[in-house]
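Listed below are the residues making up each chain.
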Amino acid sequence: MSRVILGTARLILREMTPEDIEFIAEMMAHPEVNFFYERRFTRDESEVWLERQIERYRRDGTGLWLATERATGAPVGQVGLAIQTVDGERLPEVGWLLHRSYWGRGYATEAGAAVRDSALSEWGHDRIISLIRPVNLASQRVARRLGMVDRRRVSFHGFEHCVFEITKTPQITAP
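Residues numbered from 1 in each chain as written. Predicted model: local features only at pLDDT ≥ 70, side-chain atom pairs only at ≥ 80, totals over all residues. Heavy atoms only, no water.

Visitor: What is the right way to look at helix H1 (residues 21-28) in this model?
Guide: Along an α-helix, residues three or four positions apart point the same way, because every turn accommodates 3.6 residues. Burial analysis of H1 places six of its eight residues in the buried class, the great majority of the element. Every buried residue belonging to H1 is among Ile21, Phe23, Ile24, Ala25, Met27 and Met28, and all of these are buried. Residues of H1 that are buried make contact with helix H2 (43-60), strand S3 (64-69), strand S4 (75-86) and strand S5 (89-98). (Buried < 20%, exposed > 50% of the residue type's maximum accessible area, 1.4 Å probe, protein only. Helix = DSSP H or I, 4+ residues; strand = E, 2+ residues; numbered from the N terminus. Contact = heavy atoms within 4.5 Å.)

Here you go:
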């Protein structure tokens, strides 16, 4: 049994397990899903991807989680908080990757908002980022709906990325 991390009105985010490999391999091999990775993943590469997320859970307490539909239990993709090293700084990144058949339903925004809110209010982060390729306009729209602002460009894993960012709003107390 995997650990449930968050729930939304329509989704459950839970830690992935090796038993999720069939869905992960199918999704990661889809040409549209991985268009911005500029390659389709083989099954072996998908297994390494999955193992990396499980290692992140152990090391960082977070990672990309499997997003499933609350009503059906069907997996729809991966959404979570992965610690990334950007220009030598370890930063929490809210990320989303949905299987093609689930695009356009608002799932990335819904799950991303739950991760954003938990990261900033419960998990002790003062800011979070999203690393998004400049040509990935759909993910940029999700980031903007989450209140994130495009702050700068960086090279990440050999590709130019926009660094979208949101910071915790300071609480103002009455005198």
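Visitor: Got a minute to help me understand unusual backbone geometry in this structure?
Guide: Most peptide bonds take the trans form, and the phi angle of most residues other than glycine is negative. With a phi close to 50 degrees, Asp87 is a non-glycine residue in the positive phi region. Tracing the sequence through the fold places Asp87 in the loop between S4 and S5. Classification of Asp87 by relative accessible area gives exposed; the value is 59%. Positioned with a positive phi, His157 is a non-glycine residue whose angle comes to about 50 degrees.

Visitor: Is there a simple way to think about the packing of aromatic side chains in this case?
Guide: Think of a pair of aromatic rings as described by two things: how far the centres are apart, and how the planes are tilted against each other in angle. Under the counting rule described, the total for this entry stands at three aromatic pairs. Ring plane angle 70 degrees and centroid distance 5.8 Å describe the contact between Trp65 and Trp123, whose orientation is recorded as edge-to-face. Highlighted residues: Trp65 in strand S3 and Trp123 in the loop between helix H3 (107-121) and strand S6 (127-132), separated in sequence by 58 residues. Assessed through its relative accessible area of 0%, Trp65 is described here as buried. Owing to a relative accessible area of 29%, Trp123 belongs among the partly exposed residues under this scheme. (Phe/Tyr/Trp six-rings, centres within 6.5 Å; stacked < 30°, edge-to-face > 60°.)

Visitor: Got a minute to help me understand helix H4 (residues 137-145) in this structure?
Guide: Among the residues of H4, Ser139, Gln140, Val142 and Ala143 are the ones counted as buried. On an axial view of H4, the arc spanned by its buried residues comes to 155 degrees, and they lie on one face. Downstream of H4 by a residue or two, Gly147 has a phi angle that is positive, lying close to 85 degrees. (Arc of directions from axis to C-beta.)

Structural measurements only, silent on function.
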